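Inside the fold
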Amino acid sequence: MDVLRYAAFTADPAGGNLAGVVLDATGAGDAEMQQVATQVGYSETAFLVPGEAGRFTVRYFSPKAEVPFCGHATIASAVAYAERHGPGALHLDTRAGLVEVATSVQADGATTATLTSVAPRTVPLAAGDLAALLAALRWSPDDLDATLPPRVAYAGAWHPIVAAATRQRLADLDYDMAALSALMAEHGWTTIDLVHRESPLVFHARNPFPPGGVVEDAATGAAAAAFGGYLRELGLVRPPATVTVRQGEDMGRPSLLTVGIPADPGAGIAVTGAAVPIPAHNVGSGAARS
């Protein structure tokens, strides 16, 4: 298979989250896709099977396992397709449902993509699960921001949302990999969305991803979409609203995610970002691995 390599949610190949992209995976089986994703070694590789009229079936594999939906690999795939076939609308049939993506070329020549997630959901995080999560993160209840209550949110994949009271707490990420991985496997969580609120519409995020064999993601579009749904459902922003999520800064790969939150409580969340090819001499660098 022809594997393209892109950095998503950045205009600089030294930033963003790295993704593998296979624009035509027709005929590839699960084992082959998993093998390719493992060899690529990025947090996700997307495999597209073209259909008719801009419709694709898409599968997403981390180095260790398949996930139902991945935002940064979706953005990377859409930009890669647009650079070869022109901007426009794509319709992606993912294991989480239909995800619509629109691409466009900006005045500076950069290609950006906006995905619209499946309908988001937010559910409580049980006290016992929160305690276990904090223990695995090596956080204490005093580290939390009481204005952003812990929840588990979904917009294609499930992510616990835990807010740090200070930027310093978010910056100091030193979790128990084995304990967090076991807890996430038990509950079917894809990443942990750790956030800090800088201002009413600007947040910083870090996303541990041990189930995929990755210490953390540099940009997590699926978690950003779930977070947008969380903010809307809990009344923490006044929609329609546009939220900025900064991610990857603490691991040296700064990423910028723009999250559009419509007022309709059943509408999907829009996540926008740029993506750029990775130069051949940089293809070996990626997300922090376990």
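Since the model is a prediction, treat every value here as computed from it, not as a measurement.

Considerations on the pattern of salt bridges
What the rule picks out here adds up to eleven salt bridges. The partner of R59 in a salt bridge is E66, with the nearest N and O atoms 2.5 Å apart. For R59, a relative accessible area of 13% translates into the label buried. For R169, the salt bridge is made with D143, and the minimal N-O distance between the two is 3.4 Å. Of this pair, R169 sits in helix α4 (residues 167-171) while D143 sits in the loop between α3 (127-137) and β10 (151-154); the two residues are 26 residues apart in sequence, bridging distant segments of the chain. When salt bridges with common partners are traced through the structure, they connect R167, R206, E216, E249 and D250 into a single cluster.

Examining unusual backbone geometry
Here the amide bond leading from P239 into P240 is cis, since omega sits at 0°, within 30 degrees of zero. You can see P240 is positioned in the loop between α6 (221-233) and β15 (241-247). The phi dihedral of F9 is positive, around 65°, even though this residue is not glycine. Positionally, F9 belongs in the loop between β1 (4-8) and β2 (17-22). Assessed through its relative accessible area of 1%, F9 is described here as buried. For R138, which is not glycine, the phi torsion reads 65° and is therefore positive. Within the secondary structure, R138 is located in the loop between α3 and β10.

Analysis parameters
Residues numbered from 1 in each chain as written. Predicted model: local features only at pLDDT ≥ 70, side-chain atom pairs only at ≥ 80, totals over all residues. Heavy atoms only, no water. Salt bridge = Lys/Arg side-chain N within 4 Å of Asp/Glu carboxyl O. Buried < 20%, exposed > 50% of the residue type's maximum accessible area, 1.4 Å probe, protein only. Helix = DSSP H or I, 4+ residues; strand = E, 2+ residues; numbered from the N terminus.

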